[in-house]
Amino acid sequence: VSELTWSLRCDVIDRQRVLRAMSRADLPTDHETVLSGWEANVAGYHLQAIEELNQRITRKQIITSARPRVKIEPEAIDAGEAVQGSGSEFQIKLTNTGNAPLAYRIFPDCSCFLPMPPTDIPPGGSTIVRGRMDTSIGIGPVRHRLLISTNDVERPTKVVNFQVRVRPRYRTLSDAPDLLMVPKGFATFKVHLYASAGDPILVKSVSVSGLPGATATFNSWQGTLADPIMNEGPLQRSGTEITVKLDGAQFIGRKGLTITAETDDPHFRSITVRQTVQRGIATLPDAVYFGQLFGPATTTFVVSKPESDFKLAGFTSSNPHVKVTEVKAIKPGEYQVQVQYTGGAPKGWLTSILAGKTSDPDQPEIKVQVQGDVR
Amino acid sequence: VKLWWPLAGITLLGLAAWAPPTKPKVAKWSVILGGDMDGYLSPCGCTSPMTGGLRRRATATQELSFGDRTVILDNGSLAGGTSTQEQMKAQTAAEALRAMGATAIHFTSADAPLGQGLALSMQALSGNRLVTDSVQGGSVTLKQLVEKGPFLVSAASTDPTALANFGGQTLSDDQVATDLVVKAQARQRAPILLLHGSHVDAVRLATAHPKLALIQYRTTGNPPPKAERVGNVLLATAGEHGKSIVRLIWGPKGFEAYAVVSLGPQFADDPKISRIYDNYLKRVDQANLLAEVPRRETVAFAGSKACAPCHQTATKVWQSSAHAHALATLETKHEDRDPECVPCHVTGLESTRGFMSKQETPQFAFVGCESCHGPALDHSKSPATNPLPKVGESACAPCHTSLNSPNFDFAKYWKRVQH
């Protein structure tokens, strides 16, 4: 503000100086800051006001010391609870207690707020700004900031904190464990989708992607289910039951699949559910990654087939700088394999393929890719 | 004169002995809180200014540090899921946080579904910085406590069920807090709890354990602009998606300063972290993850060229818009093979009949007419019998989200592409 006042007093419109004045001076950094969008909006608005004043100075118009004064109510908004997607409405009352028209703009820190168009408020007058926040993005407590910029020199900017607690519009509950083991043949699991708040959600179609041979069907459903994530015990619920059928003959290892339900809800036209499935032996993670290598290093990966007793041994490496140093059985069907980069590889991207022998007749050999960045 | 000098000397010595001792200067500590990235390693660069990202965070952290007297805490949830790409993100984040000098990285119940293999990999890449006290023992060795300077740090997940898969004994957040306070008192350290739990959980724990110095919790949206205390316990959060960090200063009377730092473009990318991030992009490209994007059956797309003969004005407006070179924007950032970014920079990636690659389907290598109006091959052949529905603001919403397009204002943006 002092920078702006200085510019006006000197009858000089120094854009750089004004932009500097509007940048974040509260940060403990010693370099100039680049404006973020909403701050640039504020700066632009002030620049416009300065240009108007400058024109008046050029025209030698007398500028009286009129002073608008803003009173903002409330200074923090707790919008209470809202259902996901339904929006959260709020009001801000702005009163002009000064002797000149009060101009204001409201700059939210998020595009999830609908624009709140400005109007001038005459001296002694007040206006109620009606705002709305889109609550479709997240659930739980949500906090944002509304920056109110005015021509009240005593209070040119004021941040109004906004918070709302968003209840989920829908829930999906799967009867499959986090990791679903699939046999060589077919396997099925069910997902229940229901509206946890508001009107029922009608599912129009369902599809599965990410896994060859997987299909899904759906039908309307009513039953009793607990929702542990929402801390709800068994309750009577109704919605859609999605049955997913997997063909174990068409994949091996650990995979993720996505179930997509197209619905009639305008805010949630597509609802997705993800499920991890595994057939046979899987290596975890998918690739062994050393990251940046400044010298010899070791890392570990896991070879797993839960509830089986396969044996694992005899690893070979396609790169002489990478070798398996230890294969440790953790529990039946699970091994930790220690891999070592011995150093000395040329600088650049390091790759290797590790191949190990197993006693599983379906997968006599497993292969794992190794990556790293030799510095 | 013979008497005066010895007397003056004795007086001076006496004064020196009786002078009040000067207080030793107490070194202050900088405590920098970040985390809850949920896989948001970097702004994808589609609109500006976007906030957050590891590369900027490293620069900001460096600027706010007090050298050795700095404690850098990350509240975990490094990845946003368990897919191959999320695994790569978790590894990249762990490696970057090590390079940033992180004191402790919370391994939360949201990280646990990545599995043992990933936990071991993250632990190696982080330089043994993963911390949780919610599970003890088991197949992956995670730190339970980290001591640095005047602090003792531990970490807890409010719902530790997912961590139970590691085979150890799980502890409630209340047990972790009790354990932390006892050990901190024995070592005369200030106890800090990293919590994978909500503000409500943080208030509950602060009320039950008033000896805690700080609880870092998880929230949606921005961190509160002012510090919040429950009794003497400071509650803080870095907000969602790693878009901000919170800097606290610790002095002789405890935490004495609180500042939220939004990670905007004023912070240049840190070169060390940029190299780590570039390796991540390389791995995403090599794994050809773009080919694994879920696709569904739709009617056929025509390509924007087919629209031009009838919709000349609209085509002209589009050609001069950012939509017409949306993929090129990503190419300059080397993000054009990232399946998280590409859907909003091409036409019909979600369809079996839309964008495949720039080489295979150059006619869809931008945000074309059909990105908003839908597949239009039938319409292009017979417009009268296959009219396209009118679209409005809702057509923008899937891409212009608050995360990717923070300053999106339909009225303002529409003027740029009005046709």
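Residues numbered from 1 in each chain as written. Chains lettered and ligands numbered in written order. Predicted model: local features only at pLDDT ≥ 70, side-chain atom pairs only at ≥ 80, totals over all residues. Heavy atoms only, no water.

1. Structural notes on the overall build of chain B
Stated formally: In this text, helices come from DSSP runs of H or I with a minimum length of four residues, and strands from runs of E with a minimum of two, each type numbered from the N-terminal end. Throughout, the radius of gyration refers to the C-alpha atoms, and the reference size of a globule is 2.2 Å times the residue count to the power 0.38. Whether a residue is buried, partly exposed or exposed follows from its accessible area with a 1.4 Å probe, protein chains only, as a fraction of its type maximum: under 20%, in between, or over 50%, in that order. The contact criterion used throughout is that any non-hydrogen atoms of two residues lie within 4.5 Å. For accessible areas, the Shrake-Rupley method is used with a probe of radius 1.4 Å. Any residue's cover is judged against the shown protein chains and nothing else. The sign given to each residue is positive for Lys and Arg and negative for Asp and Glu; His and the chain ends receive no count. Here the site of a charge means NZ on Lys, CZ on Arg, CG on Asp, or CD on Glu.
Helices and strands together make up the secondary structure of chain B, namely 12 helices and 15 strands. Computed over the C-alpha atoms, the radius of gyration of chain B is 28 Å, more than 25% above the 22 Å expected from 2.2 N^0.38 for a compact globule of 419 residues. Over its C-alpha atoms, taken along the principal directions, chain B stretches across nearly 120 × 60 × 35 Å. Each of the 419 residues in chain B was classed as buried or not, and the buried ones make up 53%. Of all intrachain contacts in chain B linking residues separated by at least 6 positions in sequence, the fraction that spans at least 24 positions is 66%. Accessible area of chain B: about 18800 Å², with a carbon and sulfur share of 57%. Of note, chain B has its 41 positive side-chain charges centred 9 Å away from the centre of its 35 negative side-chain charges.

2. Some remarks on the confidence of the model for chain A
Regions with low pLDDT carry predicted coordinates that are not meant to be interpreted in detail. All names here are of chain A. Counted only if it meets this: pLDDT expresses, on a scale from 0 to 100, how confident the predictor is about each individual residue.
Of all residues in chain A, 89% have pLDDT values of 70 or greater, and the mean over the chain is 85. The element-level mean pLDDT for chain A is lowest in helix 1 (residues 2-9), coming to 44, with strand 22 (residues 348-358) highest at 96. Contacts for the low-pLDDT stretch residues 1-15, under 50 throughout, to residues beyond four places or in other chains number 20 contacts. pLDDT under 50 marks residues 22-29. Its contacts with residues more than four places away, or in other chains, come to 20 contacts.

3. Overview of the state of the cysteines
Residue and element names in this part refer to chain B. Here is the rule we go by: Criterion for a disulfide: a pair of cysteine sulfur atoms at a distance within 2.5 Å.
One pass over the structure, following the stated rule, counts 1 disulfide over all chains. Two residues share a disulfide in this structure: Cys344 and Cys399, whose sulfurs sit 2.2 Å from each other. The sign of the S-S torsion, about -95°, decides the handedness of the disulfide formed by Cys344 and Cys399: left-handed. Residue Cys344 is located in the loop between helix 9 (326-332) and helix 10 (369-373), and its partner Cys399 is located in the loop between helix 11 (377-381) and helix 12 (410-417); the two are separated by 55 residues in the primary sequence. Accessibility expressed as a relative area gives 28% for Cys399, which makes it partly exposed. Unpaired in this structure, Cys369 has its nearest cysteine sulfur neighbour in Cys307, at a distance of 3.7 Å.

4. Let's talk about the interface of chain A and chain B
The condition is simple: When two components associate, each loses some accessible surface as probed by a 1.4 Å sphere; the sum of these losses over both components is called the buried area. The term salt bridge refers to a pairing of a side-chain nitrogen on Lys or Arg with a carboxyl oxygen on Asp or Glu at a separation within 4 Å. Polar contact criterion, stated in full: a pair of N or O atoms within 3.5 Å, where within protein one must be able to donate a hydrogen and the other to accept it, and residues adjacent in sequence count only if both atoms are side-chain atoms. Classification convention: Asp, Glu, Lys, Arg as charged; Ala, Val, Leu, Ile, Met, Phe, Trp, Tyr, Cys, Pro as nonpolar; all other residues, Gly among them, as polar. Strand pairing is assigned whenever DSSP detects at least two bridges linking the two strands.
On the chain B side, the residues contacting the 47 residues of chain A number 50 residues. Here chain A packs against chain B, burying approximately 4100 Å² in sum over the two surfaces, 48% of which is carbon and sulfur. On inspection of chain A and its partner chain B, the count reaches 1 salt bridge. Of the charged contacts in the structure, one is a salt bridge between Asp373(A) and Arg275(B), with a shortest N-O distance of 3.0 Å. Scanning the region where chain A abuts chain B turns up 11 residue pairs in polar contact (both at pLDDT 80 or more). If you list the elements that add at least two residues to the side of chain A that touches chain B, you get helix 3 (37-58), strand 6 (140-150), strand 14 (253-263), strand 17 (287-293), strand 18 (297-304), strand 21 (334-341) and strand 23 (365-374) of chain A. Of the residues assigned to the side of chain A that touches chain B, the class counts are 18 nonpolar, 19 polar and 10 charged. Pairing between strand 6 of chain A and strand 11 (residues 220-221) of chain B: 2 bridges, direction parallel. Looking at the pairing, Val142(A) lines up with Thr220(B) of strand 11 of chain B.

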